[in-house]
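Now for the letters of each chain:
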Amino acid sequence: MFLNFEDKSNLITLLKTLKVEQQPEWGIMTPQHMVEHLIVTVKISNGGLSIPCAVPKEQVPQYRQVLLETDQEMPRGRKANGMDGLLDLRYESLEKAIDKLETEIEKFHVYFDENPDAKPVNPVLDEVGYNDWKTFHKKHFTHHFKQFNLI
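Anyway, here's the lowdown on the structure attached to this text. (Residues numbered from 1 in each chain as written. Predicted model: local features only at pLDDT ≥ 70, side-chain atom pairs only at ≥ 80, totals over all residues. Heavy atoms only, no water.)

**Remarks on the packing of helix H2 (residues 31-45) against helix H5 (residues 130-147)**
Viewed as axis vectors pointing N to C, H2 and H5 meet at an angle of 175°, and their least axial separation amounts to 11 Å. Relative to H5, the element H2 is oriented roughly antiparallel. Contacts from Met-34, His-37, Leu-38, Thr-41, Val-42, Ile-44 and Ser-45 of H2 reach H5 at Trp-133, Phe-136, His-137, His-140, Phe-141, His-144, Phe-145 and Gln-147. The residue inventory of the contact of H2 with H5, partitioned by class, reads 8 nonpolar, 7 polar and no charged. (Axes fitted to C-alpha atoms, helices over the stretch in contact; angles between N-to-C directions. Helix = DSSP H or I, 4+ residues; strand = E, 2+ residues; numbered from the N terminus. Parallel < 35°, antiparallel > 145°, perpendicular 65-115°, else oblique. Contact = heavy atoms within 4.5 Å. Nonpolar A, V, L, I, M, F, W, Y, C, P; charged D, E, K, R; others polar.)

Below, the structure is given as structure tokens:
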């Protein structure tokens, strides 16, 4: 039902099938915007970027229940942190963005090897440890891979 986030080789192989002009099944992201969005999320989880939790503390348990404790897929059409529009692209090409994502995934595992008790803040789940981040990533990657018909 969900991608195996720990199979980095498969994730990258699937992403490399993306075409620059490919249209999403929903939403306004381009393929490169989607990859760069995943980069940001993985950077948050590997200690490379810090963003505060945007969800009120009393609502965090509801998000955790759905995103970490069920087999529910992420809902379509939800805007990341309620943003309107697209962020400016940071990388010169889709290929460079995919390469950067691969590097950030590698850093994720190294970060938790070196900091096994770390709990980087997730924008909707608050403090999250290694196994819960892996659960979040498998659902998040699955969501966006389906958005672009990669799976």
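What follows picks up the thread again.
**Overview of the side chain of Asn-46**
Relative to the helices and strands, Asn-46 resides in the loop between H2 and helix H3 (60-69). By relative accessible area, Asn-46 is classed as buried at 7%. Setting aside its immediate chain neighbours within four residues, Asn-46 contacts Glu-104, Lys-107, Phe-108 and Tyr-111. (Buried < 20%, exposed > 50% of the residue type's maximum accessible area, 1.4 Å probe, protein only.)

**Describing helix H4 (residues 94-114)**
Taking 1.5 Å per residue as the helical rise, H4 with its 21 residues ought to reach 30 Å, and the 30 Å between its terminal C-alpha atoms agrees with that figure. Within H4 the residues assigned to the buried category are Leu-94, Ala-97, Ile-98, Leu-101, Glu-104, Ile-105, Phe-108, His-109 and Phe-112. Along the long axis of H4, the arc covered by the buried residues comes to 135°, so they all point the same way. Opposite the packed face of H4, turned more than 90 degrees from it, sit the exposed residues Asp-113 and Glu-114. Where H4 is buried, its residues touch helix H1 (8-15), H2 and H5. (Expected span 1.5 Å × (residues − 1). Arc of directions from axis to C-beta.)

**Focus: the packing of H1 against H4**
With their axes 10 Å apart at the nearest point, H1 and H4 run at an angle of 165° to one another. On the basis of the axis angle, H1 is roughly antiparallel to H4. Read as a crossing pair, H1 and H4 show a hand that is right-handed. The residues of H4 that touch H1, namely those facing Lys-8, Leu-11, Ile-12 and Leu-15, are Ile-98, Leu-101, Glu-102, Ile-105 and Glu-106. Of the residues belonging to the contact of H1 with H4, the class tally is 6 nonpolar, no polar and 3 charged. (Left-handed = near helix turned anticlockwise from the far one by under 90°.)

**Re the packing of aromatic side chains**
What the rule picks out here adds up to 8 aromatic pairs. Plain terms: the ring middles of Tyr-111 and Phe-112 are 5.1 Å apart, the flat faces sit at 85° to each other, and that makes the pair edge-to-face. Overall, the relative accessible area of 22% leaves Tyr-111 in the partly exposed class. Relative accessible area serves as the criterion here: at 4%, Phe-112 is assigned to the buried category. Centre to centre, the rings of Phe-141 and Phe-145 are 6.0 Å apart; their planes meet at 40°, and the pair counts as tilted. With Phe-141 and Phe-145 both in helix H5 and 4 residues apart, this pair spans about one turn of that helix. (Phe/Tyr/Trp six-rings, centres within 6.5 Å; stacked < 30°, edge-to-face > 60°.)

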